[in-house]
Amino acid sequence: MLQLVPNLARLGTETAFEVLARADALQRQGKSIINLGIGQPDFKTPAHIVEAAIKALKDGHHGYTPAQGILPLREAVAKDLKRRHGVDVHPDTIVIWPGGKPTMFFSILIFGQPGAEIMYPDPGFPIYRSMIEYTGAKPVPIVQNEANQFSFTADQVLSQITPKTSLIILNSPGNPCGGTASKEEIAKLIAGLEKHPNVAIMSDEIYSQMLYGGREHESFLRYPEIRDRLIVLDGWSKTYAMTGWRLGFSVWPKALVDKVVRLAVNCHSCVNAPTQYGGIAALEGPQDEVVKMVAAFDERRRIIVPLLNQLPGVTCLDPGGAFYVFPNITGTGMDARTLQNKMLEEAGVATVAGTSFGIHGEGYIRFSYANSVDNIREAIKRVAALLRG
Ligand code: PLP
């Protein structure tokens, strides 16, 4: 009998990848599948980014880089944060990662242990809870209610802090609900955190450029009073259609940089070199393709929300961020997993059950609208036929 560590049994997963695999299998059997399950842009990475990575390889950038990421890339990130959030961030506090995920993985490893409590959004990105469980810490959900536009309130978060709370994870704009936290609520939370100086915050801002209807992103970086205990996760995957490149960054408290870079050295050494050059081109090059992609997501959001609201038994809020909607499906009489499976197997529409994002996701389904308008219309037509029987 192999002697595996018990933590493994507590590790969760991201069901979106399972749905993707099942959708691919059905497609290979000749079924027509529209994928509104996976959370990735349907656009190509802008050409100048691809060219920069190819050039980097041709120029001989094929070796190891510093584990923290090459300095020109960290400088480009610092400039980007200044441009977008109006804040000064020193490149020495920026760490480059293979994607957005490693920042949550390592921050949870740093703060999670038996006896500690870590707060995380529910419904929320499934890896938060999975990793918290893995470390043996107690997962404490921040319930993101439809009644509260799928966001958190400062009071709700502050009231759950105990002497054991080591880390609070927040995500706005959020996956899977598209919820966006208001500036007022964030400011109130930060004010309340003054009384809890031993609590760290990890703000997942990977969808920070995807807000609609005049909403503006409020980065936690704008609050210098918590910078010594703030980790901000962001990256290229969603903004620049670069999910498969595996490139992300995070801003760390000065005192934690050495520790987290040491973890990087122990894990992956560095992000592959040409990808990092692609990242520089993304940040320093023209942003017009980003603007176009966000405009396309916005158009699709305005199409999918009313279409979902016309379905029998379905109501859909428009929380205004990321590229997801999270309709309430309780009126269909089915639970989320049953409806997810029926839509995939009988209507050829891949989505993800709300329960994949936590128990508070029951009664909801996540639709990603990172797909063409034609596909969205066809998918909803198929679901309408399914629900109308
Ligand atoms: N954070 C959130 C909220 C996400 O939805 C995702 C991806 O779906 C990530 C982080 C991870 O991004 P990456 O693919 O860059 O690891």
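Since we're looking at a predicted model, the values are computed, not measured.

**Student:** I'd like a description of the site of the ligand, backed by residues and values.
**Tutor:** Contacts to the ligand come from 14 residues, most closely from Gly 100, Asn 175, Asp 204, Ser 237 and Lys 238. The backbone of Lys 101 places a nitrogen or oxygen atom 2.9 Å from an oxygen atom of the ligand. At 2.7 Å, a side-chain N or O of Arg 246 approaches an oxygen atom of the ligand. The protein chains hide 94% of the 390 Å² of surface that the ligand would expose on its own. Of the residues assigned to the shell around the ligand, the class counts are five nonpolar, five polar and four charged.

**Student:** If you had to explain the side chain of Ser 166 to someone new, which residues and values would you point to?
**Tutor:** Mapped onto the secondary structure, Ser 166 falls in strand 5 (residues 165-171). Within polar-contact distance, the side chain of Ser 166 engages the backbone oxygen of Phe 111 at 2.8 Å. Apart from the residues lying within four places of it in its own chain, the contact partners of Ser 166 are Phe 111, Ala 116, Glu 117, Ile 118, Asn 198, Val 199 and Ala 200.

**Student:** Before we move on, could you go through the packing of aromatic side chains and cite the residues and values that matter?
**Tutor:** With the rule as written, the count across this model stands at 14 aromatic pairs. Between Phe 43 and Phe 297 the ring centres are 5.7 Å apart and the planes differ by 65°, which places this aromatic pair in the edge-to-face class. Linking Phe 43 in the loop between strand 1 (34-35) and helix 2 (47-58) with Phe 297 in helix 10 (residues 288-309), this pair joins segments that are 254 residues apart in sequence. Ring plane angle 80° and centroid distance 5.6 Å describe the contact between Tyr 207 and Tyr 324, whose orientation is recorded as edge-to-face.

**Student:** Lay out the sheet that holds strand 2 (residues 94-97) in plain terms, naming residues and giving numbers.
**Tutor:** Read from one edge of the open sheet, seven strands run 2-8-7-6-5-3-4, paired in mixed fashion. A single partner strand is all that each edge strand has here, and the edge strands are strand 2 and strand 4 (138-143). Taken over all neighbouring pairs, the strand axes of this sheet differ in orientation by 20° on average, direction set aside. Here five bridges tie strand 5 to strand 6 (residues 200-204), and the two strands are oriented parallel to one another. Among the inter-strand pairings, Leu 167 is bridged to a residue of strand 6, identified as Ala 200.

**Student:** Lay out the pattern of salt bridges in plain terms, naming residues and giving numbers.
**Tutor:** Taken as a whole and assessed by the stated rule, the structure comprises 18 salt bridges. With its nearest N and O atoms 3.1 Å apart, the salt bridge here joins Asp 88 to Lys 82. Note that Arg 129 is salt-bridged to Glu 133, the shortest N-O span being 2.9 Å. With Arg 129 and Glu 133 both in helix 5 (residues 126-135), this residue pair falls four residues apart, about one helical turn. By relative accessible area, Arg 129 is classed as partly exposed at 35%. By relative accessible area, Glu 133 is classed as partly exposed at 22%. A network of salt bridges, in which partner residues are shared, links Asp 80, Arg 83, Arg 84 and Asp 234.

**Student:** Tell me about the pairing of strand 4, and please be specific about residues and values.
**Tutor:** Bridging between strand 3 (residues 117-122) and strand 4 involves six bridges; their strand directions are parallel. Residue pairing in the sheet places Tyr 120 in a bridge with Pro 141 of strand 4. Traced from strand 3 through helix 5 to strand 4, the parallel crossover comes out right-handed.

Quick notes on the rules
Residues numbered from 1 in each chain as written. Predicted model: local features only at pLDDT ≥ 70, side-chain atom pairs only at ≥ 80, totals over all residues. Heavy atoms only, no water. Near = heavy atom within 4 Å. Polar contact = N/O pair within 3.5 Å; in protein donor to acceptor, adjacent residues only side chain to side chain. Areas by Shrake-Rupley, 256 points an atom, 1.4 Å probe, with all protein chains shown as cover. Nonpolar A, V, L, I, M, F, W, Y, C, P; charged D, E, K, R; others polar. Helix = DSSP H or I, 4+ residues; strand = E, 2+ residues; numbered from the N terminus. Contact = heavy atoms within 4.5 Å. Phe/Tyr/Trp six-rings, centres within 6.5 Å; stacked < 30°, edge-to-face > 60°. Pairing = 2+ DSSP bridges. Axes fitted to C-alpha atoms, helices over the stretch in contact; angles between N-to-C directions. Salt bridge = Lys/Arg side-chain N within 4 Å of Asp/Glu carboxyl O. Buried < 20%, exposed > 50% of the residue type's maximum accessible area, 1.4 Å probe, protein only. Right-handed = clockwise from strand over helix to strand, strands pointing away.

No statement about biological role is implied by the geometric values presented.
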